[in-house]
Amino acid sequence: MDEWGAYKSLQAAVDAARDGQTISVGAGKWEECVVVEGKRIVIAGVAGAEIHGSDSGPALTVRGAFGAVVRGLTLRNASEKQPALPGLEWLNVPSSQRYLVKYNQECNFVQAIEGDIDSSHIGFLHQSTLRLQTSDIGVRVYQLRDKAPRWIVDPTNYGLMLAARRNAEEDSYYWRINHFYFPWYTTIAGSLGSTRGHGHIWVPVDDTHTEVWCVTWSTDEPMGEDEKYRILSGPAPHIASLDPATGKLRAAKANHFLQDREAQRNFSFAGILGTREQDTAVVEGMGAIVDRTNEHLGTSDMAIIGMRRQLLNGAKALLRGQEPAAPYQPELYRVRSWSAVLPRSEQFLDNPQVQQLMQNLV
Ligand SMILES: [Fe+2]
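This one's a predicted model, so the numbers in the text were calculated from it and none came from an experiment.

What is the right way to look at the domain arrangement of the protein in this model?
For an interface, size is often stated in terms of accessible area lost upon the parts coming together. What the domain assignment lists for the protein is domain 1 (10-81) and domain 2 (89-358). Taking only C-alpha atoms into account, the centre of domain 1 sits 33 Å from that of domain 2.

Help me understand the pairing of strand S5 (residues 49-52) in this model?
A regular strand places its side chains on the two faces of the sheet in alternate fashion. With burial as the criterion, only one face of S5 is covered, namely that bearing Ala49 and Ile51; the residues Glu50 and His52 on the opposite face remain uncovered. In this structure, strand S2 (residues 28-31) lies alongside S5, joined through 4 bridges in parallel fashion. Across the sheet, residue Lys29 finds its bridge partner in S5, namely Glu50. In this structure, S5 lies alongside strand S8 (residues 74-76), joined through 3 bridges in parallel fashion. Counterpart to Ile51 in the pairing with S8 is Leu75.

Quick question: what am I supposed to make of helix H2 (residues 109-117) here?
In an α-helix, one turn spans 3.6 residues; hence positions three or four apart end up facing the same way. By the criterion of burial, H2 is predominantly enclosed, with 8 of the 9 residues buried. Here H2 has its buried residues at Phe109, Gln111, Ala112, Ile113, Glu114, Gly115, Asp116 and Ile117.

Would you mind going over unusual backbone geometry with me for this structure?
Peptide bonds are mostly trans, and most non-glycine residues show a negative phi. Here the bond from Phe182 into Pro183 is cis, since omega is -10 degrees, no more than 30 degrees from zero. As for its position among the elements, Pro183 is in the loop between strand S12 (172-181) and strand S13 (185-188). Located in the positive-phi region is His256, a residue other than glycine, with phi close to 55 degrees. Tracing the backbone through its elements, the reader meets His256 in the loop between strand S17 (248-249) and helix H7 (261-266). Under the C-beta neighbour-count criterion, His256 is labelled partly exposed, with 14 such atoms within 10 Å.

For this particular structure, what's the right way to read the sheet that holds strand S7 (residues 69-71)?
Pairing between sheet strands relies on hydrogen bonds along the backbone, with the strands arranged either parallel or antiparallel. The strand order S1-S4-S7 describes an open sheet built from 3 strands, whose pairing is parallel. Edge strands, defined here as strands with exactly one partner in the open sheet, are strand S1 (22-25) and S7. Within this sheet the neighbouring strands show an average axis-to-axis angle of 10 degrees, counted without direction.

I'm lost on the sheet that holds S8 in this one. Help?
Taken in spatial order, the 3 strands make up an open sheet running S2-S5-S8, and their pairing is parallel. Single-partner strands in this sheet number two, and they are S2 and S8. For this sheet, the mean inter-axis angle between neighbouring strands, taken without regard to orientation, is 20 degrees.

What's the story with the nonpolar core in this structure? I'm lost.
Where a protein is soluble and globular, its nonpolar side chains tend to be buried together. Counting 52 residues, the largest nonpolar core has Ala112, Ile113, Ile117, Leu162, Phe180 and Met307 as the members making the most contacts within it. When contributions to this core are tallied by element, the ones reaching two or more residues are H2, helix H3 (122-125), strand S11 (159-167), S12, S13, strand S15 (209-218), helix H8 (275-285) and helix H9 (302-319). For this core, the element with the highest residue contribution is S12, accounting for 6 residues. For Phe180, the contacting residues outside a window of four places in its chain are Ile113, Ile117, Gly159, Leu160, Leu162, Thr186 and Met307. Leu10, Ala17, Ile23 and Val25 belong to the second largest nonpolar core, which has 13 residues in total.

Where do I start with the packing of H2 against H8 in this structure?
For any two helices packed against each other, the geometry comes down to the angle between their axes and how far apart the axes lie. Look at H2 against H8: their axes get within 10 Å of each other, and the N-to-C directions meet at 135 degrees. Relative to H8, the element H2 is oriented oblique. Between H2 and H8 the crossing geometry is right-handed. Where H2 approaches H8, its residues Gln111, Ala112 and Gly115 are matched on the opposing element by Asp279, Val282 and Val283. Residues belonging to the contact of H2 with H8 are distributed by class as follows: 3 nonpolar, 2 polar and 1 charged.

I tried to follow the pairing of S12 on my own but got confused; where do I start?
Where burial is concerned, most of S12 is hidden: 9 out of the 10 residues are buried. Following S11, the chain reverses through 4 residues before pairing antiparallel with S12. Of the strand pairs in this sheet, S12 and strand S18 (residues 338-343) are connected by 6 bridges, and their pairing is antiparallel. Bridge pairing in S18 links Tyr174 to Val341. Direction of pairing for S12 relative to S13: antiparallel, over a ladder of 3 bridges. Looking across to S13, one finds that Phe180 is bridged to Thr186.

Cut-offs applied
- Residues numbered from 1 in each chain as written.
- Predicted model: local features only at pLDDT ≥ 70, side-chain atom pairs only at ≥ 80, totals over all residues.
- Domains from an automatic or database assignment.
- Buried ≥ 20, exposed ≤ 12 C-beta atoms within 10 Å, placed from the backbone.
- Helix = DSSP H or I, 4+ residues; strand = E, 2+ residues; numbered from the N terminus.
- Pairing = 2+ DSSP bridges.
- Axes fitted to C-alpha atoms, helices over the stretch in contact; angles between N-to-C directions.
- Core = buried A, V, L, I, M, F, W, Y, C linked by C-beta atoms within 7 Å.
- Contact = placed C-beta atoms within 7 Å.
- Parallel < 35°, antiparallel > 145°, perpendicular 65-115°, else oblique.
- Left-handed = near helix turned anticlockwise from the far one by under 90°.
- Nonpolar A, V, L, I, M, F, W, Y, C, P; charged D, E, K, R; others polar.

The structure is reproduced here in structure tokens:
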């Protein structure tokens, strides 16, 4: 249905379209509040195609249309509907103090995020990375010793606070606090006092493909080329095999993620180099969308259960006409991830020191 210009409006073209059809939107500013309801159609814009909503509604609403695709369009809502930039710490530092690398994953974006918010797998899947850092591993050794962390999963107005508690010494616990932020951000715990932060943006391309942005930022100084090299392709790299030409990891399902059986026999749980490659092997290796009805989730999966509940509850609320608050309150995003060894206490979240540690440095 390329000639939607034959219709009086884009909405009229949407109403006439059948499942599987593509509506092409030409360059220009289209002032409409388009609603796609229950149709598996593609709306594709060319460069310069914009839909502008109005006070009566957003530019585009998609309901009950599983499989509908919208691409290549700029959507502008009325000013009071435009979300603010979230107050994430890395968005508040100068560009010289952050480093972003993007790659593509061939799985659903929620499945991809699940690989990030689960703290339990670190002591297994990433143990080779931890061991390579043995000389300065510090308190992270507790990740290797206690492979069954206890969880506090706290639903919040920005998403989810995820606290994993491991035994440290007789009188102390090792805590790792991560966050999931609506709709697709995560931040990962760094050592307390570290001036470096790390997180991800998980942008769905469609149901089975995700663009993953790895964000590393500094709270106090520009990041040098050495540091960027260590993140990308260094000796213990976060990303070991990025191919800039394709935007994909060279370690892929087709080549068994460059798995080294010798390394696996001797020191590596997976035999795969690179933290991103290890996580990708797991979330892609299980299939692009796993049949969740066959799952048997346990206590170690509380973070994953919590995130699914938050997303489902938010989606159901939106269906009832209740919009999410987070997009309009950027200050909600000003919480940071951290890890620390603290005295054993049952009053963890009420501890003033813990409340202080949650605050962004920048
Ligand atoms: Fe991981």
